[in-house]
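Take a look at the letters that make up each chain.
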There are 2 protein chains.
Amino acid sequence: MLSLKHIAVTSFNENLAYIHKDCSAYKVDDIKVLTKVEIHGGVRPVYAFLQIVDDVKIVKPGELGLNTEAFKMINLPEGANISLTIAPAAPSINAIKRKIAGNILSAAEYSSIVNDITAKRYSNMDITSFLVSSGSFMTAPEVLALTEALIGEDVLRWDNENIVVDFHCMGGVPGNKTDIIITAIAAAYGLPMPKTAAKSLTSCAGVADTFAVLANVNMDEETFKSVVKENRGAIVNYDALSIAEGSKIVSTVERHLGFLQQQHLVASILAIKMAAGVTHLVLDIPVGANSRIKTTTEAMRIRKLVEYVGDMLSMEVDAVITDGSEPIGNGVGAVLEARDIMKILRNKPDAPQDLLEKSLFLAGRVLEFDPQLRGGQGYVVAKELLTSGRALEAMNKIIYAQGKAPQPQLGHLTRDIVASQSGIVESIDNNRINKIGVLAGASQYPGAGLDLLKKVGDTVEQGETLYRIHAVSATDFAFANSVVDGNTGYEINSKGAY
Amino acid sequence: MLSLKHIAVTSFNENLAYIHKDCSAYKVDDIKVLTKVEIHGGVRPVYAFLQIVDDVKIVKPGELGLNTEAFKMINLPEGANISLTIAPAAPSINAIKRKIAGNILSAAEYSSIVNDITAKRYSNMDITSFLVSSGSFMTAPEVLALTEALIGEDVLRWDNENIVVDFHCMGGVPGNKTDIIITAIAAAYGLPMPKTAAKSLTSCAGVADTFAVLANVNMDEETFKSVVKENRGAIVNYDALSIAEGSKIVSTVERHLGFLQQQHLVASILAIKMAAGVTHLVLDIPVGANSRIKTTTEAMRIRKLVEYVGDMLSMEVDAVITDGSEPIGNGVGAVLEARDIMKILRNKPDAPQDLLEKSLFLAGRVLEFDPQLRGGQGYVVAKELLTSGRALEAMNKIIYAQGKAPQPQLGHLTRDIVASQSGIVESIDNNRINKIGVLAGASQYPGAGLDLLKKVGDTVEQGETLYRIHAVSATDFAFANSVVDGNTGYEINSKGAY
């Protein structure tokens with residue numbers, strides 16, 4: 001028997017158990033490395049991964065320390081009597097071995113994997129093993145099975161609503177935060193849109209990061225539901241809700257690995273939308289040679305996949321393939337993106353037209369989920385709602401209801417990247433722009449990012465600014481500067497010079 | 001600037017950095033989960049993975065804690081001024097993404113991956129990602145490239161020795177510790193055999209575990225070399241040597257995952273042997289339907305692979321495909337296996353004949369590396385060295401030189417598994433026997449394991465003991481008991497009953 005101690009360390013979803021090297025109850029020398037243990041004493045066993053301690057100020061030989069994640073799960077007071085045994089391998093680990101060997105897994109196997117993940121029987125290494133093993137290929141029924149498993153037990157219910165809409169983008173295009181504008185338009189129209197948004201995984205800013213510049217996004221379920229009820233729309237950081245927990249744990253590992261696979265992304269998006277009670281979803285699949293999805297063939301494969309999974313789950317999915325050849329909007333990074341969005345909602349003449357037009361087009365597709373709306377009228381109605389100021393009004397109500405955010409400052413370490421020759425901007429490399437933005441600190445600081453002053457087709461003079469880097473931290477600024485000179489991401493065609 | 005503190009926690013090869021949530025120098029809220037950081041202040045930057053602390057007794061806001069692994073690497077006193085930045089992704093991470101996508105990687109890519117692993121730029125998740133991504137397929141040149149990368153910089157030199165022999169087994173067969181007998185015979189013959197042995201990865205006992213029952217196996221390089229020099233043989237736990245460090249780190253993760261891929265195993269074995277200065281290697285490839293290598297085709301593929309890699313590295317490899325259809329010897333588990341080995345070396349009449357014969361056959365192959373020995377004479381000479389007692393004498397000298405171990409006790413929680421009917425033992429399932437042994441605690445406690453009293457072809461009466469389970473811990477004993485009734489691993493053919 002050991003005495004429970006809380007070690008106030010957060011280890012990003014992983015349960016850790018701290019045991020003294022001279023533990024009185026267990027011979028640590030005999031413990032093989034990285035051992036998984038099962039801790040007994042609470043209502044049910046808690047799984048954790050051992051750390052060996054040689055400092056009685058952390059844990060004494062008669063104690064077992066649990067990090068914050070594991071301590072919450074065991075739900076016992078400090079000093080409680082607990083014991084531990086070596087945990088047998090999680091039952092679903094064999095399924096992963098089968099997947100590594102190239103097999104197709106059954107729905108039962110996916111369900112068992114996700115159950116073991118949410119029960120914290122998987123270490124982050126085991127989760128990595130699952131992600132990478134299924135990262136090379138998954139059949140459509142496998143993606144469906146993973147989606148169903150990720151939905152989880154708790155699903156939001158929207159009483160008396162026949163249609164609950166949402167919009168999501170497969171990503172890969174810097175800027176491109178149509179989501180927030182679409183939410184404003186749908187809410188102004190009156191379709192309930194409980195938008196679940198994520199923080200950035202590999203990009204400069206996720207929708208949750210950008211909207212956090214304008215409003216509080218960390219709402220609990222009750223607040224989220226009441227904001228949607230009263231304002232017909234809300235944008236929540238889905239991490240703050242208790243839904244699709246498996247998907248969150250998996251995302252943490254994906255973020256660490258910087259590895260995001262299309263089929264996992266499809267399963268994760270659709271599971272979250274299902275768990276959020278969405279019935280009708282518009283999904284944007286942007287295609288561009290330097291984007292996440294590089295060819296129309298690939299985009300079509302994803303479209304078919306989401307249509308299949310959507311149909312099987314009785315969710316109406318309208319998957320739209322769009323142009324992802326260059327960044328959308330001028331701002332890349334949360335503060336700059338929020339600026340673009342507010343310019344559009346305020347009908348400012350200098351608002352980025354590409355972001356405006358794309359938002360209206362996609363909002364139109366969302367509005368057309370309404371059976372009352374005549375086919376083909378979505379775009380017109382969306383435009384009317386925007387230009388009349390009703391979308392802005394709806395957005396302001398949502399921001400007020402969620403709680404206005406203290407707007408963070410734009411990073412004031414700046415550098416202008418200028419054209420090395422006169423000509424026409426022939427292309428902008430999304431991946432490169434994203435990389436420079438991430439290095440400038442955009443995924444860490446909302447005020448960091450890139451302000452794109454020129455877009456494809458624009459005429460530039462030699463020495464004219466193409467874009468401006470904004471950084472908050474000097475280190476990030478140095479990082480961005482160190483790579484930008486090698487390749488700015490812009491290609492100028494000088495033959496087009498006048 | 002933060003003040004360095006040592007957090008006396010061992011985290012199994014992974015560098016961890018502990019930062020207070022109200023850190024004075026860094027805004028922890030802005031740090032994304034599982035962030036990799038670069039710590040500056042030492043001779044070169046040290047990479048680590050963040051843990052967020054909410055207890056000033058562990059770290060204060062002005063401190064940065066490093067676990068034992070990272071603290072050793074930074075090599076600065078506590079209180080030293082250090083700073084941290086977000087670490088850019090390790091350069092070789094892209095190669096892993098290419099491998100997940102099904103590409104063949106170059107030698108430069110494998111070299112860069114292994115360099116990043118040994119520099120601790122990979123988290124254990126990143127290592128998992130590498131192992132699983134290359135776990136589905138590797139070409140022979142890829143295995144060669146990985147082997148070369150794993151050899152590392154430090155290679156043992158054996159001055160004035162033209163032939164340095166070793167023996168290794170690909171595993172999968174319980175018992176089967178021919179290695180120790182072969183070492184005794186080679187040493188008695190006079191061929192230098194610096195045997196590098198490993199602790200168990202997925203089996204009941206590794207060679208290092210079994211020999212640890214008889215002698216100290218944790219020698220440093222100097223001791224190891226002097227024991228070999230004076231006794232023509234030694235058996236070391238290779239973890240104790242400073243060679244092939246990349247291979248050790250990778251093994252730790254493999255042990256945690258319980259995932260061992262043939263090609264990784266080949267690369268790891270050959271890299272360790274190269275790093276140990278071995279010039280001539282006999283490799284045992286046991287084949288059996290319920291073993292690790294299931295078919296002759298698979299075994300032949302491995303044989304060709306090790307021959308190719310051996311040739312490219314100028315190591316003479318004699319790969320021998322052997323019968324792995326049932327356990328070899330009677331003991332499974334370190335203490336029981338050591339008992340069998342000593343019975344053979346002492347020429348006891350009740351010594352297991354299968355282990356004896358296999359050891360002589362393989363020792364013969366090792367001896368025939370000697371150009372002085374006439375082809376086909378290896379077995380005869382090996383037998384002569386054994387029966388004359390010279391192999392025992394050589395072994396005793398090695399044990400004495402390495403330091404005799406205080407022999408651990410055989411587990412005294414026992415249960416006899418008996419035949420449910422009379423007949424002939426038709427088959428024994430290696431995987432099942434291994435599993436029951438592991439559950440009985442064999443990979444944790446040297447005294448745990450199975451004593452196989454009957455082997456294939458033996459006649460048994462109903463109720464006669466087939467094997468005896470030995471456990472040290474009551475929990476393990478219960479584990480083993482809970483599975484053994486479902487399937488003992490033995491098949492009895494009653495038609496053969498008299």
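Rules of the game
- Residues numbered from 1 in each chain as written.
- Chains lettered and ligands numbered in written order.
- Predicted model: local features only at pLDDT ≥ 70, side-chain atom pairs only at ≥ 80, totals over all residues.
- Heavy atoms only, no water.
- Least-squares fit on C-alpha atoms with pLDDT ≥ 70 in both.
- Contact = heavy atoms within 4.5 Å.
- Pairing = 2+ DSSP bridges.
- Helix = DSSP H or I, 4+ residues; strand = E, 2+ residues; numbered from the N terminus.
- Salt bridge = Lys/Arg side-chain N within 4 Å of Asp/Glu carboxyl O.
- 1 Å grid on protein atoms, 1.4 Å probe; cavity = no way out; pocket = protein on both sides within 12 Å on 5 of 7 lines; lining within 4 Å.
- Points joined across faces, edges and corners; volume = space filled by probe spheres on them.
- Nonpolar A, V, L, I, M, F, W, Y, C, P; charged D, E, K, R; others polar.
- Axes fitted to C-alpha atoms, helices over the stretch in contact; angles between N-to-C directions.
- Buried < 20%, exposed > 50% of the residue type's maximum accessible area, 1.4 Å probe, protein only.
- Phe/Tyr/Trp six-rings, centres within 6.5 Å; stacked < 30°, edge-to-face > 60°.
- Lys NZ or Arg CZ within 6 Å of the ring centre and 35° of its normal.
- Parallel < 35°, antiparallel > 145°, perpendicular 65-115°, else oblique.
- Left-handed = near helix turned anticlockwise from the far one by under 90°.
- pLDDT = per-residue confidence, 0-100.
- Arc of directions from axis to C-beta.
- Buried area = accessible area lost by both parts, 1.4 Å probe.
- Polar contact = N/O pair within 3.5 Å; in protein donor to acceptor, adjacent residues only side chain to side chain.

Participant: Explain the relation of the copies chain B and chain A to me, please; I cannot follow it from the model alone.
Facilitator: Both copies of the chain are related by a screw-like operation: a rotation about an axis and a shift along it. Rotating chain B by 180 degrees about the axis while translating it 0.0 Å along that axis superimposes it on chain A, leaving an RMSD of 0.1 Å. The superposition of one copy onto the other is thereby described by a two-fold rotation axis. Scanning chain B for the C-alpha nearest the rotation axis identifies M125 of chain B, at a separation of 2.4 Å. A shared binding surface is used by both copies, with 100% of the interface residues of chain B retained as interface residues in chain A.

Participant: Would you take a moment to explain the sheet that holds strand β16 (residues 449–452) of chain A for this structure?
Facilitator: Strand pairing in a sheet relies on backbone hydrogen bonds, with the paired strands running either antiparallel or parallel. Residue and element names in this part refer to chain A. Strands sit in the order β13-β16-β18-β14 across an open sheet of four strands; the sheet is antiparallel. Whereas interior strands pair on both sides, the edge strands pair on one side only; in this sheet they are β13 (331–332) and β14 (413–418). Bridging between β13 and β16 involves two bridges; their strand directions are antiparallel. When the bridges of β16 are listed, G331 appears paired with D451.

Participant: Sorry if this is basic, but what is going on with the pattern of salt bridges here?
Facilitator: Per the counting criterion, the structure on display carries 42 salt bridges over all chains. Linking D485 of chain B and R415 of chain B is a salt bridge whose minimum nitrogen-to-oxygen distance equals 2.6 Å. Of this pair, D485 of chain B sits in the loop between α17 (474–484) and β19 (490–493) while R415 of chain B sits in strand β14 (residues 413–418), and the two are 70 residues apart along the sequence. What emerges from the salt-bridge pattern is a single network uniting K21, D22 and D54 of chain A.

Participant: What is the right way to look at empty space enclosed by the protein in this model?
Facilitator: Empty space among the atoms becomes visible once a probe the size of a water molecule is rolled across them. Overall, the coordinates contain nine cavities of 30 Å³ or more when judged by the stated rule. Taken as a whole, the largest cavity holds about 300 Å³ of empty space. The wall of the largest cavity is formed by 25 residues, among which E14, L16 and N124 of chain A together with E14 and L16 of chain B lie closest to the centre. For the lining of the largest cavity, the secondary-structure elements that each account for two or more residues are β5 (46–53) and α4 (124–133) of chain A together with β5 (46–53) and α4 (124–133) of chain B. By residue class, the composition of the lining of the largest cavity is 12 nonpolar, 11 polar and two charged.

Participant: Sorry, what's going on with the sheet that holds strand β13 (residues 331–332) of chain B here?
Facilitator: Residue and element names in this part refer to chain B. Reading across from one edge, β13-β16-β18-β14 is the order of the four strands in this open sheet, with antiparallel pairing throughout. Each having just a single partner strand, β13 and β14 make up the two edges of the open sheet. Relative to strand β18 (residues 465–471), β14 runs antiparallel, the two sharing six bridges. The residue of β18 that forms the bridge with V418 is T465. Along the sheet face, helix α16 (residues 430–439) touches β13, β16 (449–452) and β18 and points at about 135 degrees away from the line of β16.

Participant: It is not clear to me how the pairing of strand β19 (residues 490–493) of chain A should be interpreted in this structure. Could you clarify?
Facilitator: Taken residue by residue, a regular strand's side chains alternate between the two faces of the sheet. Residue and element names in this part refer to chain A. Of the two faces of β19, only one is covered, namely that formed by Y490 and I492; the face formed by E491 and N493 stays uncovered. Note that strand β15 (residues 423–428) and β19 share four bridges and pair antiparallel. Looking at the pairing, I424 lines up with N493 of β19.

Participant: I would appreciate a short explanation of the packing of aromatic side chains in the present structure.
Facilitator: Geometrically, a pair of aromatic rings is defined through the distance of the ring centres and the angle of the planes. Scanning all chains against the criterion turns up six aromatic pairs over all chains. The interplanar angle of 65 degrees and the centroid separation of 6.3 Å between the aromatic rings of Y110 of chain A and F130 of chain A together place this pair among those described as edge-to-face. Here Y110 of chain A, found in helix α3 (residues 107–118), pairs with F130 of chain A, found in helix α4; they are 20 residues apart in sequence, far enough to count as distant. Residue Y110 of chain A is classed as buried on the basis of its relative accessible area of 0%. The exposure class of F130 of chain A is buried, given its relative accessible area of 3%. Positioned above the aromatic ring of W158 of chain A is the side chain of K225 of chain A, whose terminal nitrogen or guanidinium carbon lies 5.7 Å from the ring centre. The ring of F137 of chain B has K99 of chain B lying over it, and the distance from NZ or CZ to the ring centre is 3.9 Å.

Participant: What exactly am I supposed to notice about the packing of helix α13 (residues 353–367) of chain B against helix α14 (residues 378–387) of chain B here?
Facilitator: Packed helices, taken two at a time, are described by the angle between their axes plus the distance between the axes. Residues and elements named next belong to chain B. Contact pair α13 / α14: the axes reach a minimum separation of 7 Å and the direction vectors enclose 120 degrees. Between α13 and α14, the crossing angle belongs to the class labelled oblique. Relative to α14, the crossing made by α13 is right-handed. Residues L356, E357, L360, F361, A363, G364 and L367 of α13 lie in contact with α14, whose contacting residues are G378, Y379, V381, A382, K383, L385 and L386.

Participant: When you look at the confidence of the model for chain A in this model, what are you seeing that I'm missing?
Facilitator: One rule of thumb: low pLDDT means the predicted coordinates there are not for detailed reading. Residues of chain A with pLDDT of at least 70 account for 98%, and the chain-wide mean is 94. Of the two predicted TM-score estimates for the complex, the pTM is 0.88 and the ipTM is 0.85.

Participant: What exactly am I supposed to notice about helix α2 (residues 93–100) of chain B here?
Facilitator: Side chains three or four residues apart in an α-helix point the same way, a direct result of the helix having 3.6 residues per turn. Residues I93, A95, I96, K99 and I100 of chain B constitute the buried set of α2 of chain B. For α2 of chain B, the arc enclosing every buried residue in end-on projection is 155 degrees, short of the 170-degree limit, so these residues lie on one face. Where α2 of chain B is buried, its residues contact α4 and α9 (245–257) of chain A together with α3 (107–118), α4 and α5 (140–151) of chain B. Where α2 of chain B ends, the next residue or the one after it, G102 of chain B, has phi of about 95 degrees, a positive value.

Participant: Help me understand the interface of chain B and chain A in this model?
Facilitator: Accessible area lost upon the coming together of the parts is a frequently used measure of interface size. On the side of chain A, 52 residues touch chain B, which itself brings 52 residues to the contact. A buried area of about 4700 Å², summed over both sides, lies between chain B and chain A, and 64% of it is on carbon and sulfur atoms. Between chain B and chain A we count 10 residue pairs in polar contact (both at pLDDT 80 or more) in total. Elements with a minimum of two residues in the side of chain B that touches chain A: β2 (9–10), β3 (16–20), β5, β7 (81–86), α2, α4, α9 (245–257) and α17 of chain B. Tallying contributions element by element places α4 of chain B first for the side of chain B that touches chain A, with seven residues. Counted by class, the side of chain B that touches chain A contains 25 nonpolar, 18 polar and nine charged residues. Examined bridge by bridge, β5 of chain A and β2 of chain B share two bridges and lie antiparallel to one another. Bridging across to β2 of chain B, V53 of chain A finds its partner in V9 of chain B.

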